[in-house]
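Residue-level structure breakdown
Here's the letter readout for the chains.
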Amino acid sequence: MTGGGLLVAGTTSDAGKSVVTAGICRWLVRQGVKVAPFKAQNMSLNSFVTREGAEIGRAQAMQAQACRVEPTALMNPVLLKPGGEQSSQVVLLGKPVGELSARGYHGGRQQRLLGTVLDCLAELRGTYDAVICEGAGSPAEINLRRTDIVNMGIARNARLPVLVVGDIDRGGVFASFFGTVALLSREDQELVAGFLVNKFRGDVSLLEPGLDMLHGLTGRRTYGVLPFRHGLGIDEEDGLRPAFKSNTALRGTVRESVVAPPVGEDVLRVAVCAVPLMSNFTDVDALAAEPGVVVRFVDRPEELADADLVVIPGTRGTVRALEWLRERGLAEAVVRRSAEQRPVLGICGGFQILGEHIEDEVESRQGQVDGLGILPVRVRFAREKTLTRPVGEALGEPVAGYEIHHGVADVTGGEAFLDGCRVGQTWGTHWHGSLESDGFRRAFLREVAAAAGRRFAPAADTSFAALREEQLDRLGDLIEQHADTDALWRLIESGAPQGLPFIPPGAPA
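All of the points below concern the structure found in this document. (Residues numbered from 1 in each chain as written. Predicted model: local features only at pLDDT ≥ 70, side-chain atom pairs only at ≥ 80, totals over all residues. Heavy atoms only, no water.)

Looking now at the overall build of the protein. For the protein, the helix and strand inventory stands at 17 helices and 27 strands. Here the C-alpha radius of gyration of the protein, 23 Å, is about what a compact globule of 509 residues would show, namely 23 Å. Expressed along its principal axes, the backbone C-alpha trace of the protein runs to roughly 70 × 50 × 40 Å. Burial analysis of the protein (509 residues in total) assigns 58% to the buried set. By sequence separation, contacts in the protein at least 24 residues apart represent 76% of the contacts at least 6 residues apart. In the structure as shown, the protein presents an accessible area of about 19800 Å², 49% of it carried by carbon and sulfur atoms. Here the protein holds 54 positive side-chain charges and 64 negative ones, and the gap between their average locations is 3 Å. (Helix = DSSP H or I, 4+ residues; strand = E, 2+ residues; numbered from the N terminus. Rg over C-alpha atoms; globule rule 2.2 N^0.38 Å. Buried < 20%, exposed > 50% of the residue type's maximum accessible area, 1.4 Å probe, protein only. Contact = heavy atoms within 4.5 Å. Areas by Shrake-Rupley, 256 points an atom, 1.4 Å probe, with all protein chains shown as cover. Lys, Arg positive; Asp, Glu negative; His and termini not counted. Charge placed at Lys NZ, Arg CZ, Asp CG, Glu CD.)

Axis separation between helix 6 (residues 173–182) and helix 8 (residues 208–218) bottoms out at 11 Å; the angle between their running directions is 15°. Classified by the angle between their axes, helix 6 and helix 8 sit roughly parallel to one another. Of the two possible hands of crossing, helix 6 and helix 8 adopt the one that is right-handed. Contacts between helix 6 and helix 8 pair Phe174, Phe177 and Phe178 from the former with Gly210, Leu211, Leu214, Leu217 and Thr218 from the latter. In terms of residue class, the contact of helix 6 with helix 8 is made up of 6 nonpolar, 2 polar and no charged. (Axes fitted to C-alpha atoms, helices over the stretch in contact; angles between N-to-C directions. Parallel < 35°, antiparallel > 145°, perpendicular 65-115°, else oblique. Left-handed = near helix turned anticlockwise from the far one by under 90°. Nonpolar A, V, L, I, M, F, W, Y, C, P; charged D, E, K, R; others polar.)

Looking now at the state of the cysteines. In the structure shown here, the tally under the stated rule is 0 disulfides. The thiol of Cys120 is not disulfide-bonded; the next cysteine sulfur, from Cys133, is found 11 Å away. Residue classification places Cys120 among the buried positions, given a relative accessible area of 5%. Unpaired in this structure, Cys133 has its nearest cysteine sulfur neighbour in Cys25, at a distance of 9.3 Å. (Disulfide = S-S within 2.5 Å.)

Following the criterion strictly, the structure yields 2 cavities of 30 Å³ or more and no others. As a volume, the largest cavity reaches approximately 160 Å³. Taken together, 19 residues form the lining of the largest cavity, with Thr315, Arg316, Glu363, Ile404 and His405 sitting closest to its centre. Elements represented by at least two residues in the lining of the largest cavity include exactly helix 14 (349–353), strand 21 (377–388) and strand 24 (403–411). No other element matches strand 24, which puts 4 residues into the lining of the largest cavity. Taken together, the residues of the lining of the largest cavity sort by class into 3 nonpolar, 12 polar and 4 charged. Space inside the second largest cavity adds up to approximately 50 Å³. Taken together, Leu345, Ile347, Phe417, Leu418, Thr429, Trp431, Ser434, Leu435, Phe440 and Phe444 make up the full set of residues lining the second largest cavity. At the level of secondary structure, the elements contributing two or more residues to the lining of the second largest cavity comprise strand 18 (344–347) and helix 15 (438–452). (1 Å grid on protein atoms, 1.4 Å probe; cavity = no way out; pocket = protein on both sides within 12 Å on 5 of 7 lines; lining within 4 Å. Points joined across faces, edges and corners; volume = space filled by probe spheres on them.)

So, about the side chain of Thr426. Structurally, Thr426 is set in strand 27 (residues 426–429). Note on Thr426: relative accessible area 0%, which makes it buried. Here Ser338 takes part through its side chain, which lies 2.6 Å from a polar atom of the side chain of Thr426. Filtering out sequence-adjacent residues up to four positions away, Thr426 remains in contact with Ser338, Val344, Leu354, Ile374, Leu375 and Cys421. (Polar contact = N/O pair within 3.5 Å; in protein donor to acceptor, adjacent residues only side chain to side chain.)

Taking 1.5 Å as the rise per residue, helix 4 (residues 114–127) with 14 residues should run 20 Å; its terminal C-alpha atoms sit 20 Å apart, in good agreement. Of the residues making up helix 4, those classed as buried are Leu114, Val117, Cys120, Leu121, Leu124 and Arg125. The arc that holds the buried residues of helix 4, viewed along the axis, is 135°, so those residues lie on one side. Along helix 4, the residues that are exposed and aim more than 90 degrees away from the buried face are Asp119 and Gly126. (Expected span 1.5 Å × (residues − 1). Arc of directions from axis to C-beta.)

Glancing now at the pairing of strand 16 (residues 309–312). Neither face of strand 16 is exposed, since Leu309 and Val311 on one face and Val310 and Ile312 on the opposite face are all buried. In this structure, strand 13 (residues 268–273) lies alongside strand 16, joined through 3 bridges in parallel fashion. Paired with Ala271 across the two strands is Val310, which belongs to strand 16. Taken together, the 3 bridges between strand 16 and strand 18 define a ladder with parallel strand orientation. Note that in strand 18 the partner of Val311 across the bridge is Leu345. (Pairing = 2+ DSSP bridges.)

Written out as structure tokens, the structure reads:
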């Protein structure tokens, strides 16, 4: 027997598809439903490694946690990792299979993956009571509909009802809902069951006349109005916003953190270098979860002056990021800072940048490039990608993480640190997610505070895993309290209502 299903689409990118999908998943699992997430194709620089060593989008790993199941490659069979404006690495069933331009991917390769995607979805639906699927961008991208495998393409093939999410905080949500439906073909429109409003502020009664008019215009109801909530702190669906956003726009961005005073007398300031193609910037979320830790993204050397810790995060373009640091004067500031014994942490690509040199014939193909020369490390890029879930110990505490990188590090000195090394107050590791280990994070922050001369103390009871569970429960609460859950379950179980009207003009021929 095939389990039920639902596709959560959006009027735009960043409309809230990922968090709505996670919220529906958490609501269902609390009702005793065996549920799994699914996203056929994700474009993301924020990824995760499953237990079997497969790379998938972090959003799907987060949604699997909402379902209280272990994430697998089936949940995100196609992952695209941008390497620039024109090309991406294609990761199929958790393993990289090559680089493709956007034209090359949409010109034929994408459609050939449809069978694989449908097989993965069918396997999940044969195992779970329900599978909640997430779309990408908008289902009304008429230029891409012919090769679509993530929105209406998969909805049509798998006969999934579609719920369209709109972010009312951006404005124009009624036009977006109507226009989304009206740009779909008759066959696609038959699967669009209705709408869900996200990030509403104010009195819902003032919105209801518009929802009634929308129903009259489209024949489709609104399944819920979710209020705006600060501080949900859920993993970003993808890395595109910080990866391609202008650095000026990124500068000064502060990660949301718990509203709590510092335990000690001082706060601790963390500056994260907003390198191009930044990947897994969620690594710093565990720092932002600590009371009294302020995390900011920066792109100017003067912004490092008052930082107690500087983080160089992961990147999909290590050599490009190194050039960017040099162009902006940040490289010189980091080298000076390290010589002054002021704390610096490099993670994955950031770790490679801190080394002596990088030999890269894979990502940038620039051959040997000098690093910052702070850590005694030489890096050679291998064609085979390292995808592991290491565990170990550092600073007297157990640590777990995950590795996603082509660079192979030859560490020739320094003090051992999470398969990387430490020299003075400069630390480097390939391990993502290590700061989520509570005991290690507290020990690391105590060292940083001592080196920075701050009277900061980490909270003794901050559990990052518990905070994440609380956030997922808050998402489940939003669905349970502000959506018509009986109607949602009918959609999941029985599909889109029959007789939904066609809204002209429909998709262009």
